[in-house]
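An overview of the molecular structure
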Amino acid sequence: MTDAQTRDATAVHAPAIDETTPLGELCTRTLAMPADTNQNGDIFGGWLLSQMDIGGGIFASKLAKSRTVTVAIDAMNFRKPVFVGDLVSVHATLVRIGRTSITMHLEAWVMRRKEMQFILVTDGKFTYVAIDDQGRPREVPQADPPVSA
């Protein structure tokens, strides 16, 4: 079996979506502000995507023990709107570690003002590549177990 086949055989698959409880490691938490709105007064989808990318980058860098860059975003699902004043949390679940790449499932959850439950608003699959100081791909360490974000 080749090294790539061994890695694929041991890959962890993304969890089934449970819309009642955040899954994975908490990576970031921030408050949606008026400056983050679109022309209709709702939180801009691009802002939410950037929050997810930041959270995923934090998680990927800890696993890679180096800088990482985003190389792919797949299957984004914008499920519900985000409003000004919502507390936005991004959670990461490892899907696969390749030779130089890390794929994860990211979920964005909100807690709205006057509510005490989390609501899943967005999820997607993000892939990052570990890079060295010159910006070239480098191998992701395989010996250590994943670390929490």
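Structural data are supplied above this passage.
Everything quoted here is computed from the prediction, not taken from an experiment.

Cut-offs and rules
Counting from 1, residues in each chain are numbered in the order their sequence is written. Side-chain atom pairs in this predicted model are given and counted only at pLDDT of 80 or more, local residue features only at pLDDT of at least 70, and totals for whole chains, interfaces and linings cover all residues. For the side-chain quantities, the full set of heavy atoms in the structure was used; hydrogens and water were omitted. At least two bridges found by DSSP between two strands are what make those strands a pair. Strands are runs of DSSP state E lasting at least two residues, helices are runs of H or I lasting at least four, and both sets are numbered from the N terminus onward. To define axes, lines are fitted to C-alpha atoms, for helices over the stretch in contact only, and angles between the resulting N-to-C directions are given on a 0 to 180 degree scale. The contact rule is simple, with two residues in contact once any of their heavy atoms fall within 4.5 Å. For this analysis, a salt bridge means a side-chain nitrogen from Lys or Arg found within 4 Å of a carboxyl oxygen belonging to Asp or Glu. For the exposure calls, accessible area comes from a 1.4 Å probe over protein chains only, and a residue counts as buried if that area is under 20% of its type's maximum, exposed if over 50%, partly exposed in between.

Now for the sheet that holds strand 5 (residues 118-131). If you walk across this open sheet you meet the 5 strands as 1-3-4-5-2, and the pairing is antiparallel. The strands lining the two open edges of the sheet, one partner per strand, are strand 1 (25-31) and strand 2 (67-78). Sheet twist, expressed as the mean angle between neighbouring strand axes with direction ignored, is 25 degrees. Sheet topology note: the strand 2/strand 5 ladder contains 9 bridges and is antiparallel. Each residue of the ladder has a partner; that of Asp 74, found in strand 5, is Lys 125. Contacts between helix 2 (residues 45-64) and the sheet are confined to strand 1, strand 2, strand 3 (87-97), strand 4 (101-111) and strand 5, with strand 5 contributing the most and set at about 50 degrees to the helix.

On to the pattern of salt bridges. For the structure shown, the criterion picks out 4 salt bridges. The partner of Glu 139 in a salt bridge is Arg 99, with the nearest N and O atoms 3.8 Å apart. Of this pair, Glu 139 sits in the segment after strand 5 while Arg 99 sits in the loop between strand 3 and strand 4, and the two are 40 residues apart along the sequence. The partner of Asp 132 in a salt bridge is Arg 136, and the shortest N-O contact between them spans 3.5 Å.

Counting buried residues along strand 5, 12 of its 14 residues qualify, which places the element largely inside the surrounding structure. Pairing analysis gives 11 bridges linking strand 4 to strand 5, with the strands arranged antiparallel. Each residue of the ladder has a partner; that of Trp 109, found in strand 5, is Leu 120. Connecting strand 4 to the antiparallel partner strand 5 that follows it, the hairpin turn spans 6 residues, and Lys 114 within it adopts a positive phi of roughly 70 degrees.

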